[in-house]
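Residue strings, one per chain:
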Amino acid sequence: MILVFTDTHDDPEINQDRFSWLGEVIADKQPDVIVQLGDFLSMGSLSRWDKDKRLKIEGRRYLRDMESGRSALGKIMRPVYDLQQRQRRLKKKTYDPTIYWFEGNHEYWIRQYTEYSPEMDGQIGLQSDLGLPDSWNFVPYPDNICIQDIYFTHIPHTKGGALMSPYICQRALEMFEGSVVFGHTHEFQLATRTRFGGIQYTALNTGCLFDETPDYPIDIVTGK
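Residues numbered from 1 in each chain as written. Predicted model: local features only at pLDDT ≥ 70, side-chain atom pairs only at ≥ 80, totals over all residues. Heavy atoms only, no water.

Draft legend 1. Structural view of the overall build of the protein. Counting its secondary structure elements, the protein contains five helices and 12 strands. Classification of the 224 residues of the protein by burial places 49% in the buried group. For the protein, contacts bridging at least 24 residues in sequence account for 66% of all contacts bridging at least 6. Split by element, the accessible area of the protein, about 12,000 Å² in all, is 47% carbon and sulfur. (Helix = DSSP H or I, 4+ residues; strand = E, 2+ residues; numbered from the N terminus. Buried < 20%, exposed > 50% of the residue type's maximum accessible area, 1.4 Å probe, protein only. Contact = heavy atoms within 4.5 Å. Areas by Shrake-Rupley, 256 points an atom, 1.4 Å probe, with all protein chains shown as cover.)

Below is the structure:
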């Protein structure tokens, strides 16, 4: 079982209850694989749309973004760590999921910033500042990976950049030689396509995990 969530867009000003709920779901369902598909953080401190501050990192705001992100991550993992402790105490097999952590376009702003301000290279970074464990599989934006015959990416990319289309799932099926799961658009969409030999592939746009839009909080995908 693969559990997928994406586009939580944590921000210091936004309620974090959804992360505690997600952690309880993970501890209850115990999926073999967990995929966080990117834009876990909004990174308002580095917003590319704030042109007047494009090259001026607001250190205090950046630290607040990361502190909030670590809090959100802790709320997700606390039920999982509690479960593992109970299992070890009872000498049961310890739940140990494989975790893939995707960098989204909002978090990519951190790397873009260091390109414009090379003196900050090595001083800031998503993995280190968010405290991601070394055992987790980090996937940089805009890469894709294949897990159990399913492709995963934050957003499919063409040579011209991120794929943007009202028929984005259909377009994604044209790009990948298999099923594909992605986020980014904050919309839940689904498309299928049958190829030669009667094999059916699916493109799933997983929506987002916002308090304001609870209809599509997570997706559980079963691979082959």
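Draft legend 2. Focus on empty space enclosed by the protein. The final tally for this structure, using the stated rule, is three cavities of 30 Å³ or more. As a volume, the largest cavity reaches approximately 50 Å³. Residue lining of the largest cavity: F5, I26, I34, L73, I76, M77, I99, W101 and W136, and that is the complete set. Sorting the residues of the lining of the largest cavity by element identifies α2 (59–89) and β3 (98–102) as the ones contributing at least two each. Looking at the lining of the largest cavity element by element, the count peaks at three residues for α2. Here the lining of the largest cavity is composed, by residue class, of nine nonpolar, no polar and no charged. (1 Å grid on protein atoms, 1.4 Å probe; cavity = no way out; pocket = protein on both sides within 12 Å on 5 of 7 lines; lining within 4 Å. Points joined across faces, edges and corners; volume = space filled by probe spheres on them. Nonpolar A, V, L, I, M, F, W, Y, C, P; charged D, E, K, R; others polar.)

Draft legend 3. Highlighting the sheet that holds strand β10 (residues 188–195). The five strands lie next to each other as β5-β6-β9-β11-β10, forming an open sheet whose pairing is mixed. Edge positions in the sheet fall to β5 (144–147) and β10, since each of these pairs with one other strand and no more. Here the strands of the sheet are splayed against their neighbours by 20 degrees on average, with no regard to which way each runs. Bridging between strand β9 (residues 179–182) and strand β11 (residues 199–206) involves three bridges; their strand directions are parallel. Of the residues in β11, the one forming a bridge with F182 is N205. Across the sheet, helix α5 (residues 168–175) is in contact with β9, β10 and β11; its angle to β10 comes to roughly 40 degrees. (Pairing = 2+ DSSP bridges. Axes fitted to C-alpha atoms, helices over the stretch in contact; angles between N-to-C directions.)

Draft legend 4. Local environment of unusual backbone geometry. Following Y141, the chain continues to P142 via a peptide bond in cis, the omega torsion being 5 degrees. Take P142: it is sitting in the loop between β4 (137–139) and β5. Positive phi, normally seen in glycine, also occurs at D149, with a value near 70 degrees. Relative accessible area serves as the criterion here: at 47%, D149 is assigned to the partly exposed category. Phi angles above zero are rare outside glycine, and H186 is one such case at about 70 degrees. You can see H186 is positioned in the loop between β9 and β10.

Draft legend 5. Layout of the environment of S135. Positionally, S135 belongs in the loop between α4 (126–130) and β4. The class for S135 is exposed, based on a relative accessible area of 63%. In the structure, S135 is positioned 36 residues away from I99 in sequence and 8.2 Å away in space, judged by C-alpha atoms.

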